[in-house]
Amino acid sequence: MKLKYISSILLFFIFFTVLGQTEDCNLGIGGKDTETIIKVFQLNDEQIVQMESWIEELNKANEVIEQQIDVLLEKHPQSNKEELQAMAEKFKPLRAQIIANSKIYDQKLVGILNENQYLRYINLCNEALRVPLKRLTSREDLLPE
């Protein structure tokens, strides 16, 4: 009886840990791993050109946000704990927007993967205990989430 109880608790914690660690399976388009993405998914020339175009778009979109972050860091008072906390609260939505932008462009890239590339993506996500991103088609990428 005691062994059954301990086993149940152990299974609960294992299950909870696995579910609690699942995050989006981001590719990081526009980051420092562009060459890795090209090699791992064996992107063709057309896919590479499209990805490079999206990297430029992402960089332009994030540039405005990064400028806002720079202004926040330069001009916001930071002399005590309360001011730092207030600055952190102002920083959170800016950071969230950069992450959201990145996710959208990752979804666009996933959307142009062929079936074999997509299956490789799914398998890698599963191995990493990550949740695969929804594929965006050119029609869907204009719709807000």
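The text that follows walks through the structure, step by step, so that each part is easy to find. (Residues numbered from 1 in each chain as written. Predicted model: local features only at pLDDT ≥ 70, side-chain atom pairs only at ≥ 80, totals over all residues. Heavy atoms only, no water.)

### Thoughts on the overall build of the protein
Looking only at helices and strands, the protein has five helices and two strands in total. From first element to last, N terminus to C terminus, the protein shows the α and β order α-β-α-α-α-α-β. Taken across its 145 residues, the protein has 25% of its residues classed as buried. Of the contacts made within the protein by residues no fewer than 6 positions apart, 68% connect residues no fewer than 24 positions apart. Of the roughly 10600 Å² of accessible surface on the protein, a fraction of 58% belongs to carbon and sulfur atoms. (Helix = DSSP H or I, 4+ residues; strand = E, 2+ residues; numbered from the N terminus. Buried < 20%, exposed > 50% of the residue type's maximum accessible area, 1.4 Å probe, protein only. Contact = heavy atoms within 4.5 Å. Areas by Shrake-Rupley, 256 points an atom, 1.4 Å probe, with all protein chains shown as cover.)

### Describing the state of the cysteines
In this structure the tally under the stated criterion is one disulfide. With its sulfur 2.0 Å from that of its partner, Cys25 forms a disulfide with Cys125. One quick way to see it: the torsion about the S-S bond of Cys25 and Cys125 is about -90 degrees, and its sign makes the bridge left-handed. Of the two residues, Cys25 is situated in the loop between strand S1 (23-24) and helix H2 (34-41) and Cys125 in helix H5 (residues 115-127); the sequence distance between them amounts to 100 residues. Grouping residues by exposure puts Cys25 and Cys125 together as buried. (Disulfide = S-S within 2.5 Å.)

### Some details on the nonpolar core
Core analysis: the largest hydrophobic core is formed by 21 residues, its most contacted members being Leu43, Met51 and Tyr121. For this core, the secondary-structure elements that each account for two or more residues are H2, helix H3 (45-75), helix H4 (81-111) and H5. Ranked by residues supplied to this core, first place goes to H3 with five residues. With near-sequence residues (within four places) excluded, Leu43 lies in contact with Ile37, Ile38, Ile48, Met51, Leu109, Leu113 and Gln117. If you look at the next biggest cluster of nonpolar residues, it comprises five residues, including Ile65, Leu72, Met87 and Leu94. (Core = buried A, V, L, I, M, F, W, Y, C linked by side-chain atoms within 4.5 Å.)

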